[in-house]
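Structure assessment
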Amino acid sequence: MDYGMIGKIDKAKRYAEQRDRMQFITFQVAFQGENSQHSITFDRGTWSCTCNFFQSRGVCSHSMALERVLEGMLNISSEEA
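Structural notes on the nonpolar core
Phe27, Ile40, Phe42, Trp47, Cys49, Cys51, Phe54, Cys60, Leu66, Leu70 and Leu74 form the largest nonpolar core, which has 11 residues in total. Where this core is concerned, the elements lending two or more residues are strand E2 (37-43) and strand E3 (46-49). Apart from the residues lying within four places of it in its own chain, the contact partners of Cys60 are Cys49, Cys51, Phe53 and Phe54.

Examining unusual backbone geometry
Positioned with a positive phi, Arg44 is a non-glycine residue whose angle comes to about 50°. By secondary structure assignment, the location of Arg44 is in the loop between E2 and E3.

Focus: a nonpolar patch on the surface
Where nonpolar side chains cluster on the molecular surface, the patch consists of Met1, Tyr3, Met5, Ile6 and Ile9 and spans about 600 Å² of accessible area. Position of Ile6 relative to the elements: it lies in helix H1 (residues 3-17).

Remarks on the pairing of strand E1 (residues 26-32)
Pairing between E1 and E2: seven bridges, direction antiparallel. Its bridge partner lying in E2, Thr26 is registered against Asp43. In sequence, E1 turns back onto E2 through a hairpin of four residues.

About the thresholds
Residues numbered from 1 in each chain as written. Predicted model: local features only at pLDDT ≥ 70, side-chain atom pairs only at ≥ 80, totals over all residues. Heavy atoms only, no water. Core = buried A, V, L, I, M, F, W, Y, C linked by side-chain atoms within 4.5 Å. Buried < 20%, exposed > 50% of the residue type's maximum accessible area, 1.4 Å probe, protein only. Helix = DSSP H or I, 4+ residues; strand = E, 2+ residues; numbered from the N terminus. Contact = heavy atoms within 4.5 Å. Patch = residues over 30% accessible without salt bridge, like charges linked within 9 Å, V, L, I, M, F, W, Y side chains within 5 Å. Areas by Shrake-Rupley, 256 points an atom, 1.4 Å probe, with all protein chains shown as cover. Salt bridge = Lys/Arg side-chain N within 4 Å of Asp/Glu carboxyl O. Pairing = 2+ DSSP bridges.

Dropping the structure here:
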């Protein structure tokens with residue numbers, strides 16, 4: 001392995017420890033719930049999930065779990081902040 005690659009690996013390790021450098025803007029997740037799989041999206045501060053509970057309440061256990069996993073890394077809109 002060359003010195004350039006070693007430097008990049010070290011830098012990647014430092015970046016991984018500095019989560020405040022990263023912020024998710026938009027993504028989609030396949031989430032395996034207890035009863036079925038759901039599709040969850042996050043787009044510029046707005047969550048969406050295909051489960052029935054989210055459709056009626058605008059929040060669900062799937063979206064709340066992802067909020068916990070990604071704490072501090074989401075670009076939450078001013079309406080939700």
